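Listed below are the residues making up each chain.
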Amino acid sequence: MTARAKAPGWFLRRVVHGAPGWITLLTYLFMLLPFAVLITFAFNAGKSTVVWTGFSFRWFEKVVSNGNILDAMQVSLIVAVASAAVSTAIGATAAVAITRRSFPGRDVLGAALAAPLVLPEIVLAVALLMFMSFAGMTLGYTTLIIGHVLVSIPFATLIVRAAASSLDPRLEDAAADLGANEWQTFTMVTLPQLIPAIFTAFILSATLSFDNLVMSTFTSGVGTTTLPLRIYSMLKLGITPEINALGALMVLANVTILLLVMGRYLPLMLKTNRR
Amino acid sequence: MTNRLSLGLAASTLALFAALPALAEELRIYGWAGEMPDEVLADFEAETGIDVTFDTFDSNESLVAKLDAGGSGYDLVNPSQYAVQILVNRGKLVELDHSKIETYDNIGPTFKEVSYDPGNKYSIPYVWGTTGLAYNKTCVDAPITSWKSLFDEKYKGRVYMLDNMLAAYIAGLQVNGFSANTSDPAEIEKATETLIAQKPMLAGYNSTNFADLVSSGEACIVQSWSSSVLQAIVDNPDVVYVLPEEGGTMWIDGYSILTDAPNPDAAYKFLSYILRPEVAAKTTELTKTATAVPESKALLPKEIAENPAVFPDEATIANADFILDLGDAMKFYQDGWTKVKAAP
C-alpha cells in the first residue's frame, strides 16, 4: 500500500459528510433564486418579465408614481399595524392567563384561540363576511382589521404562550416575597421577560396581515383595497416588471427593518446568552 | 410596555380616522383593474367635484360573492355579461332610468340589444373585447385561423391555454362544433374529454404572462384575451391576434348601479360622463380596449382605430358568442374543469 491510497469507501464517506452542507446550499438556492430573478427583472428595460432587453430604472419610477399601488400600500400598512397591535394585545393577555392562572374553561380557551389555525381560511372568511352582513356592518377598515386579527391571533397566542410557559415561576415568588403586589410583579417581572416574544408576535402578525389575500378578498370594503388584492386584480392585464420593482422594494424594506431590529436586539441577545 | 401598546393602539385608531374620506359628495366604484384609466377618474372629479373611490376585484366570481353578502357600500359595479345576469337574478341591480343618462344615445346600436341585457335595462356596456388566440408568426408556416391549432401535435409544448374555466371551455366546445354557451351535459362532457386529451401537449395554463411568452417566441400559440395581447402586438410585429373561424367569444364589461347604492345620482353623472365620445376615446387610448361608443373611434390615433385586435370587423364580431350565465349547467362545467385540472 502506498501512502496515497485511501481507506476503502473514502468517496462515499466524503459524500455523506458533505451532504448536510450541500443540502443546506441547495435549500438556500431554492429559496433565494426566485428573489434573484424577481429583482433582476425589476431592472428590465422592456415590458417583459421573461426576456431581458436592457437595464433601466423605469419600472421603479413607474411604481413609486402609481397612486393606486401607493394607496393600496397605505391600506395594507394601516391594517397590518392595527391588526397586529390588537392580536398581540389579546394574544399576550390570553397567553399569560392560560399559562399563569388557573380558571374554569382554561383548556377550552386555549384550544379556541388556536382554532382558526386548523380551519381553512376561506371558510373562516366566508363565515365572517356572512356574519358581518347579518350584523349590518359596513365593510371597510374595521371589518378588514377584525378579519386579520382572526387570522393572526393563533400565532400571536402560541408565541407568547411558549415564552410564558418557560418563565421561571420562582422569579415571581421572589418578587412577591420582596413585597411587590400582583400588578407590580406583572409589570416589573413577568412582562419585561415576555417582551421579546411579544415583539416577535407583533412582527409575525403584521407580516401575516400584510401578505393576506383570502381574508382581505371577503372583508375589504370601499376604499380599502389592500396591496395583495390590488396586485392580484392587476394580473388579468398581464404582469409587467412593475410588479417586480414593487417586489424588489418590499424585499429591500423588509431587509432594512430586519437589520435595524437585529442591530437593536442582537447585542442584547448575545449578552443574555453569555451569562 | 402597556403604555407603548396602548400608544400603538391609539396611533392606529387615529390612522383609521385619518384614512376615512372627507365629507364631499362621493362615488364608490368596484371595477376591473386597468379598464378605467386614472386620468378619466381624475377628470371626472375635477369637473364634478365628486370624490371617486375605485376599488378593484380579480374576477366576476369575487364580485358576486362580495355583493351577495349585501351592504358592500358601492354605488357602481363593473360586471361582465354573465355576471350581470347573475346579479339581476339576485336583485342586486337597479333598473336604470335612461333619461338620467344624458349621453345614453351615444351607445352603438349593437350594444343596445345585447342578449344578456336587452335594451340595457340593468347595465351600460362600456369596454369590450374578444377571446381568441394569439400566435407568433416566426414559428408557424401558415396563418392560424382555427382553435384546432391549439390541439395540433405539431406545436406540442409551445401552446398555452387561459387558466380560466369558462375561457378554456370556449375552445373545448367550439372546436367540437358546439356553442360556447351550451348547457347540454353531453356536449360539456365531450369538451372535457377534448381538454383532457389536449393537456399532455400543453406547455401550461396561463392567464398572466402569456402575451410575454408568445412575444418572446417561447410559446407559439396561446389562447388569449384581445386586450391582454395588444401591447405585445404593438411592441412586436410578429405577434398576431385572431378570432378563430369557429367564432371565439366577445365579452363586455359594463356598469350597473346597485340597489343599495348610497349615491345613485353621482353614479348616473358618472355614466353620463364616460359615454361622451372624447372620454370614451381617452379610455380606449389609455387602456387599449374598445368602448361601446362608436363615435369615439374617429377621435383615436390611426394605429389604434385600425388595429383589428382592438376593433375586429363587424362580420367577425357577429360570429362571436357571448358567455352567458348558464345557471344550473354551471355545475357540469365545474365538475369537468376539476377533472381537466386533475388530469396528467
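Residues numbered from 1 in each chain as written. Chains lettered and ligands numbered in written order. Predicted model: local features only at pLDDT ≥ 70, side-chain atom pairs only at ≥ 80, totals over all residues.

## What to know about the interface of chain B and chain A
Often, the extent of an interface is quoted as the loss of accessible area on bringing the components together.
Item 1. Taken residue by residue, the interface counts 38 residues in chain B and 36 residues in chain A.
Item 2. Elements represented by at least two residues in the side of chain B that touches chain A include exactly helix 1 (2-19), strand 1 (26-32), strand 2 (51-57), helix 8 (210-216) and helix 9 (226-235) of chain B.
Item 3. The biggest single contributor to the side of chain B that touches chain A is helix 1 of chain B, with eight residues.
Item 4. Residue composition of the side of chain B that touches chain A, by class: 14 nonpolar, 17 polar and seven charged. (Contact = placed C-beta atoms within 7 Å. Helix = DSSP H or I, 4+ residues; strand = E, 2+ residues; numbered from the N terminus. Nonpolar A, V, L, I, M, F, W, Y, C, P; charged D, E, K, R; others polar.)

## Thoughts on the domain arrangement of chain B
All names here are of chain B.
Item 1. Looking at the assigned domains, one finds that chain B contains domain 1 (2-128 + 251-312) and domain 2 (129-249 + 321-342).
Item 2. Each of domain 1 and domain 2 was reduced to a C-alpha centroid, and the two centroids are 28 Å apart.
Item 3. Contact residues are listed per partner, giving 14 residues for domain 1 and 16 residues for domain 2.
Item 4. Among the elements that line the side of domain 1 that touches domain 2, the one with the most residues is helix 4 (residues 81-89), at four residues.
Item 5. Looking at the side of domain 1 that touches domain 2 residue by residue, the class counts come to nine nonpolar, four polar and one charged. (Domains from an automatic or database assignment.)

## Remarks on the pairing of strand 9 (residues 249-257) of chain B
Residues and elements named next belong to chain B.
Item 1. For strand 9, the buried fraction is high: nine of the nine residues fall into the buried class.
Item 2. What you see with strand 9 is no split at all: Thr249, Trp251, Asp253, Tyr255 and Ile257 on one side and Met250, Ile252, Gly254 and Ser256 on the other are buried throughout.
Item 3. In this structure, strand 3 (residues 76-77) lies alongside strand 9, joined through two bridges in antiparallel fashion. Paired with Leu76 across the strands is Ile257, a residue of strand 9.
Item 4. Across seven bridges, strand 4 (residues 124-136) lies against strand 9 in antiparallel orientation. Residue pairing for strand 9: Thr130 is matched across the bridge by Met250.
Item 5. Relative to strand 11 (residues 321-322), strand 9 runs parallel, the two sharing two bridges. In the sheet register, Thr249 faces strand 11, and the bridge partner there is Asp321. (Buried ≥ 20, exposed ≤ 12 C-beta atoms within 10 Å, placed from the backbone. Pairing = 2+ DSSP bridges.)

## Considerations on unusual backbone geometry
All names here are of chain B.
Item 1. Even without glycine at this site, Asn120 takes up a positive phi of about 50°.
Item 2. Relative to the helices and strands, Asn120 resides in the loop between helix 5 (109-112) and strand 4.
Item 3. Backbone geometry places Lys288, a non-glycine residue, at a positive phi of 55°.
Item 4. Within the secondary structure layout, Lys288 lies in the loop between helix 11 (277-287) and strand 10 (290-291).

## Quick word on helix 6 (residues 141-165) of chain A
Because an α-helix completes one turn every 3.6 residues, residues spaced three or four positions apart along the sequence face the same direction.
Residues and elements named next belong to chain A.
Item 1. Relative to the 36 Å expected for 25 residues at 1.5 Å per residue, helix 6 spans 34 Å between its end C-alpha atoms, a close match to the ideal helical length.
Item 2. Along helix 6, the helix axis deviates most sharply at Ser152, where the bend reaches about 45°; the proline Pro154 sits within four residues downstream.
Item 3. Helix 6 sits mainly inside the fold: 19 of its 25 residues count as buried. (Expected span 1.5 Å × (residues − 1). Bend = angle between axes of the 7 residues up to and from the residue.)

## With respect to the nonpolar core
Residues and elements named next belong to chain B.
Item 1. Residues Val214 and Ile221 are the most contacted members of the largest nonpolar core, which totals 96 residues.
Item 2. Residue-level mapping places this core at the junction of two domains, with at least three residues from each of domain 1 (2-128 + 251-312) and domain 2 (129-249 + 321-342).
Item 3. The residues contacting Ile221, other than those within four sequence positions of it, are Leu133, Tyr135, Ile144, Ser149, Leu150, Tyr155 and Val159. (Core = buried A, V, L, I, M, F, W, Y, C linked by C-beta atoms within 7 Å.)

## What about the domain arrangement of chain A?
All names here are of chain A.
Item 1. Assigned domains within chain A: domain 1 (12-58) and domain 2 (67-250).
Item 2. Computed from C-alpha atoms alone, the centre-to-centre distance between domain 1 and domain 2 is 32 Å.
Item 3. Opposite the seven residues of domain 1 that make contact, domain 2 presents seven residues.
Item 4. Partitioning the side of domain 1 that touches domain 2 into residue classes produces four nonpolar, two polar and one charged.

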